[in-house]
Amino acid sequence: MLEGSCLCGKVQWRFDAEPEGATACNCTACRRYGVLWIYGHEGEDVHVTGDTTAYRRGEGGSLTFHFCPACGCLTHWRALRPEADGRRRLAVNLRLVADPEQVASIPIDHFDGLATFEDLPRDGRCVGNMWF
């Protein structure tokens, strides 16, 4: 289990699964936010508590980015619509874990969200290589 929180602690998340990788995306939003995502399903393996402020990019957006209204940390994104099986996709910002060593060995998965919208091959880097 992994846990994370915003800077002030008012928004917290818990990830009950073992992440296979952490996604570094280069889309216009993720590269500005500087996040590393781990994915699951709301209420199953990902749980978020605390009030957030949501931002939806444009009319055609498929998800909302959620921030702590007190300290401004981006905590997670949430799909606007459930999947065909009724589950809702949710990703949490792995950079919000309290102890970076706990997640340092998780491999980085690169996603080209800017141009091709495709997964890129792993390059051997892990979360510990991406902290700075």
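Going by the structure above, here's the rest.
Figured I'd write up the structure that's included with this text. (Residues numbered from 1 in each chain as written. Predicted model: local features only at pLDDT ≥ 70, side-chain atom pairs only at ≥ 80, totals over all residues. Heavy atoms only, no water.)

## Quick notes on the packing of aromatic side chains
- Tallying each qualifying case throughout the model produces five aromatic pairs.
- These aromatic residues form a ring-pair network of at least three members: Tyr33, Trp37, Phe65 and Phe67. (Phe/Tyr/Trp six-rings, centres within 6.5 Å; stacked < 30°, edge-to-face > 60°.)

## Focus on unusual backbone geometry
- The phi torsion at Phe117 lies on the positive side, around 55°, for a residue other than glycine.
- Along the chain, Phe117 falls in the loop between strand S10 (108–112) and strand S11 (118–119). (Helix = DSSP H or I, 4+ residues; strand = E, 2+ residues; numbered from the N terminus.)

## Some details on the sheet that holds strand S5 (residues 46–49)
- In spatial order, the strands read S1-S2-S5; together these three strands make up an open sheet with antiparallel pairing. Edge positions in the sheet fall to strand S1 (2–5) and S5, since each has one partner strand and no second. Here the average twist between neighbouring strands, direction ignored, is 15°. (Pairing = 2+ DSSP bridges. Axes fitted to C-alpha atoms, helices over the stretch in contact; angles between N-to-C directions.)

## Quick notes on the side chain of Asp112
- Within the secondary structure layout, Asp112 lies in strand S10.
- This buried residue, Asp112, is left without a salt bridge; Arg31 holds the nearest opposite charge, at 8.8 Å.
- In contact with Asp112, not counting residues within four places along its chain, are Asn26, Phe117, Glu118 and Leu120. (Buried < 20%, exposed > 50% of the residue type's maximum accessible area, 1.4 Å probe, protein only. Lys, Arg positive; Asp, Glu negative; His and termini not counted. Salt bridge = Lys/Arg side-chain N within 4 Å of Asp/Glu carboxyl O. Contact = heavy atoms within 4.5 Å.)

## Focus on the side chain of Asn93
- Relative to the assigned elements, Asn93 resides in strand S9 (residues 89–93).
- Its relative accessible area of 5% is what places Asn93 among the buried residues.
- For Asn93, the side chain forms a polar contact with the main-chain oxygen of Leu74, separated by 2.9 Å.
- When neighbours within four sequence positions are excluded, Asn93 is seen to be in contact with Trp13, Val35, Leu36, Trp37, Leu74 and Thr75. (Polar contact = N/O pair within 3.5 Å; in protein donor to acceptor, adjacent residues only side chain to side chain.)

## Re the pattern of salt bridges
- Tallying each qualifying case throughout the model produces seven salt bridges.
- With a shortest N-O distance of 2.9 Å, Arg125 and Asp123 are connected by a salt bridge.
- By relative accessible area, Arg125 is classed as partly exposed at 35%.
- Beyond isolated ion pairs, a larger network of salt bridges with shared partners links Glu42, Arg78 and Arg88.

## Describing the environment of Gln102
- Take Gln102: it is sitting in the loop between S9 and S10.
- It is 9.9 Å that separates the C-alpha atoms of Gln102 and Val127, two residues lying 25 residues apart in sequence.
- Beyond its immediate chain neighbours, meaning those up to four positions away, Gln102 contacts Met1 and Leu2.

## Quick word on the pairing of strand S2 (residues 12–15)
- Of the two faces of S2, the one holding Trp13 and Phe15 is buried and the one holding Gln12 and Arg14 is not buried anywhere.
- Both S1 and S2 contribute to a ladder of four bridges, which runs antiparallel. By the bridge assignment, Glu3 is partnered in S2 with Arg14.
- Here S1 hands over to S2 after six residues, with Gly9 in that stretch at a positive phi of 85°.
- When S2 meets S5, the two strands line up antiparallel, connected through four bridges.

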